[in-house]
Amino acid sequence: MVKILLVGNGAREHAIADALARSTHDPKIYAAASDRNPGILRICEKTGGQIILGKPNDPKFVAETAQKISADLTFIGPEEPQFMGVADEVEKTGIPCIGAKKAPAEIEMSKAFMRRLMWKYNIPGRLRFMAFKNVEDAIAYINEYAESVALKPARQAGGKGVKVIADLQAYLQEEKAEVKRKHAQDIYQKHMQPYTDIEDRILIEQKVEGPEYTLQCFTDGKTVKTFPLVQDNKNAYAYDIGPETGGMGSIGGPGLTLPFINGEEYKQSAVIVEKVVKAIEKEVGQPYRGAIAGQMMLTALWGPTIIEFYSRFGDPEAVNVFPILETDLVDISEAIINGKLHKVNLKFRDTATVVKCVAPRGYPDRRDLAKGHPLSVDEAGIERRGAKVFYGSVDLQNGELVTGGSRAVEILAEADAIPEASEIAESCIECVKLKDNWNLFHRSDIGGETLLEKRIELAQLIREIYSYRKEKDLIGRQVDWIPGRGRIEYQA
Ligand code: GLY
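Residues numbered from 1 in each chain as written. Predicted model: local features only at pLDDT ≥ 70, side-chain atom pairs only at ≥ 80, totals over all residues. Heavy atoms only, no water.

Engineer: Just to check I follow, could you spell out the sheet that holds strand β21 (residues 394-397) for this structure?
Structural biologist: The sheet built from four strands is open, its strands ordered β21-β22-β19-β24 with antiparallel pairing. Each end of this open sheet is capped by a strand with a single partner; those strands are β21 and β24 (432-434). Neighbour-to-neighbour, the strand axes of this sheet turn through a mean angle of 40 degrees, independent of strand direction. Here four bridges tie β21 to strand β22 (residues 400-404), and the two strands are oriented antiparallel to one another. Across the sheet, Val 394 pairs through a bridge with Thr 403, a residue of β22. (Pairing = 2+ DSSP bridges. Helix = DSSP H or I, 4+ residues; strand = E, 2+ residues; numbered from the N terminus. Axes fitted to C-alpha atoms, helices over the stretch in contact; angles between N-to-C directions.)

So this is what it looks like as structure tokens:
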């Protein structure tokens, strides 16, 4: 028997709990959670464990809980507990932990740390950036250099506050600069306001374009084992319209790649993650142990390019991959702890997967409106249609499911091809309802032929350009011509 304490209570953690429960090591699963996720609760009760309510971000609560239940290992799902040092505190008790410690987790927490690391260690897939500690310096930079940029909070802020601004027409430069200045102020005053654990406040990065994808991995610090690629869809509404969310649905497979990312690009993406894992150890003096994911984009500048790193699995991306993982997750966890990940062969069912997230109206901008609605889920109906439900932002209160303000459920469907899986997931949407007549929404386009074709066309165009640059030895190199200043070459 192996006792596992899982930290977190979203759909990602439901998928991890489900994979842990399939282990042949007689797992007993407990969860340190802020809410009673009905999927996780069922798994805990079935395996003889339980949910222990508290603050998953609180290192003391998690470490004491792990000790109280005499856990054999702790598995951290979300990023915030890592940023707060939960893994460090748990390991002080002698209980091993799958999840990055505070210092290595900076790869996700601080976007400036990540970018500096990539430049310092000469890692491919890096972008030009500037980090600012105050809004005045950011505005002075914006006034001086009007170009196409991505403006971001310098810390992981739950995916909020990122704005990409194309600044192509000279006659609109002042208007665009005003938008950038306003957004820099917004980042400083609004999005970064809750965070005091980081000095950098605003990040300005060069703008790039291309199809995005996520490469999720496990590492013991020496070996990186990669999962099948997944593409998340961040905009709230169909055809990439609307505000950015944590992800409204994701597609994967069949096999390790995606219809718009080829095997060579998959390998190059894995090399980038391997180089970053090594660089983190050199930089912080500790090995990186746990999950790491490259949130990537195929760009004309590099081919595979890093947009962000996650020190964890993505949500919903985890829901595409854990259900098709055939290797025992307890074996994988033990191999990570013992530094023997090179001995593990990660196997996956060869299938296409589509995840569709269903959220109450109000998400992501007015979570107060999306919160507190009674939810009904016809699980049997979803299974009959050939899919599976993973519970996200919901709480079981006195036998009633109540929405928490974010994505309430994630429906996973598998098939031979992505569009087929999408249709199955789509057919299940009617099984999820709010009992008080408040509306739910989802994206019906995710995994459909039209959106998939759009991604394939964009990838082909980008691939042609970066292949040409490679031929001409121009990969990662950028030359700008600034009127009145002349030629500026940025050597990667
Ligand atoms: N799906 C994006 C994230 O996990 O942050």
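Engineer: Where do I start with the sheet that holds strand β4 (residues 73-76) in this structure?
Structural biologist: Through backbone hydrogen bonds, the strands of a sheet pair up, either in parallel or in antiparallel fashion. Here five strands make up an open sheet; going across it, the order is β3-β2-β1-β4-β5 and the pairing parallel. Sheet topology places β3 (51-53) and β5 (97-98) at the edges, where each strand pairs with a single neighbour. Pairing of strand β1 (residues 2-7) with β4, which is carried by four bridges, proceeds in the parallel orientation. Considered in β4, the bridge of Val 7 is made with Ile 76. On the sheet, helix α2 (residues 38-47) packs against β2 (27-33) and β3 and is oriented at approximately 140 degrees with respect to β2. Lying on the sheet, helix α3 (residues 59-68) is in contact with β1, β2, β3 and β4; it crosses β1 at an angle near 165 degrees. (Contact = heavy atoms within 4.5 Å.)

Engineer: What am I meant to see in a nonpolar patch on the surface here?
Structural biologist: Among the surface-exposed residues, Tyr 237, Tyr 239 and Ile 241 lie close enough to one another that they form a single nonpolar patch of about 310 Å² accessible area. Residue placement: Ile 241 occurs in strand β14 (residues 241-244). (Patch = residues over 30% accessible without salt bridge, like charges linked within 9 Å, V, L, I, M, F, W, Y side chains within 5 Å. Areas by Shrake-Rupley, 256 points an atom, 1.4 Å probe, with all protein chains shown as cover. Salt bridge = Lys/Arg side-chain N within 4 Å of Asp/Glu carboxyl O.)

Engineer: Hey, could you run me through the pairing of strand β23 (residues 409-415) in this one?
Structural biologist: It is a general feature of regular strands that their side chains alternate between the two faces of the sheet. Burial analysis of β23 places six of its seven residues in the buried class, the great majority of the element. Pairing of strand β20 (residues 387-391) with β23 involves five bridges; the strand directions are antiparallel. Along β23, the bridge assignment pairs Lys 388 with Leu 412. (Buried < 20%, exposed > 50% of the residue type's maximum accessible area, 1.4 Å probe, protein only.)

Engineer: How should I be thinking about the environment of Ile 76 in this particular structure?
Structural biologist: Here Ile 76 lies in strand β4. Ile 76 sits in the buried class, given a relative accessible area of 4%. Distance in space between the C-alpha atoms of Ile 76 and Leu 5 is 8.4 Å, their sequence separation being 71 residues. Beyond its immediate chain neighbours, meaning those up to four positions away, Ile 76 contacts Val 7, Pro 81, Gln 82, Val 86, Ala 87, Cys 97, Ile 98 and Gly 99.

Engineer: Explain the packing of aromatic side chains to me, please; I cannot follow it from the model alone.
Structural biologist: The geometry of an aromatic ring pair comes down to the distance between the two centres and the angle between the two planes. Applying the stated criterion to the full structure yields 10 aromatic pairs. Ring geometry for Phe 218 against Phe 227: centres 5.5 Å apart, planes inclined by 65 degrees, an arrangement best described as edge-to-face. The structure contains a cluster of three or more aromatic residues connected by ring pairs, namely Phe 75, Phe 218, Phe 227, Phe 313, Phe 322 and Phe 348. Stacked on the ring of Tyr 310, the Lys or Arg Arg 312 has its end atom at 4.0 Å from the ring centre. Taking the ring centre of Trp 438 as reference, the NZ or CZ of Arg 361 above it sits at 4.4 Å. (Phe/Tyr/Trp six-rings, centres within 6.5 Å; stacked < 30°, edge-to-face > 60°. Lys NZ or Arg CZ within 6 Å of the ring centre and 35° of its normal.)

Engineer: Which parts of the structure should I look at to understand the site of the ligand?
Structural biologist: In the region of the ligand, the neighbouring residues are Asp 232, Lys 234, Gly 246, Tyr 310, Arg 312, Gly 314, Asp 315, Pro 316 and Glu 317. At 2.8 Å, a backbone N or O of Gly 246 approaches a nitrogen atom of the ligand. Asp 315 has a polar backbone atom sitting 2.9 Å from a nitrogen atom of the ligand. Burial of the ligand by the surrounding chains reaches 89%, relative to a free accessible area of 200 Å². By residue class, the composition of the shell around the ligand is two nonpolar, two polar and five charged. (Near = heavy atom within 4 Å. Polar contact = N/O pair within 3.5 Å; in protein donor to acceptor, adjacent residues only side chain to side chain. Nonpolar A, V, L, I, M, F, W, Y, C, P; charged D, E, K, R; others polar.)

Engineer: In this structure, what is going on with the pattern of salt bridges? I would like to understand it.
Structural biologist: Opposite charge on two side chains permits them to pair, given that their charged atoms come into close proximity. On inspection of all chains with the given rule, the structure shows 33 salt bridges. Residues Arg 155 and Glu 80 are paired through a salt bridge, measuring 2.8 Å at the closest nitrogen-oxygen approach. Placement of the pair is Arg 155 in the loop between β7 (149-153) and β8 (163-165) and Glu 80 in helix α4 (residues 80-83), with a sequence separation of 75 residues. A residue is classified by how much of its surface remains accessible, and Arg 155, at 0% relative accessible area, is buried. What makes Glu 80 buried here is its relative accessible area of 18%. Lys 111 is the partner of Glu 308 in a salt bridge, and the nearest nitrogen-oxygen pair spans 3.6 Å. Here Glu 308, found in strand β17 (residues 303-310), pairs with Lys 111, found in helix α7 (residues 111-120); they are 197 residues apart in sequence, far enough to count as distant. On the accessibility criterion, Glu 308 (11% relative accessible area) is buried.

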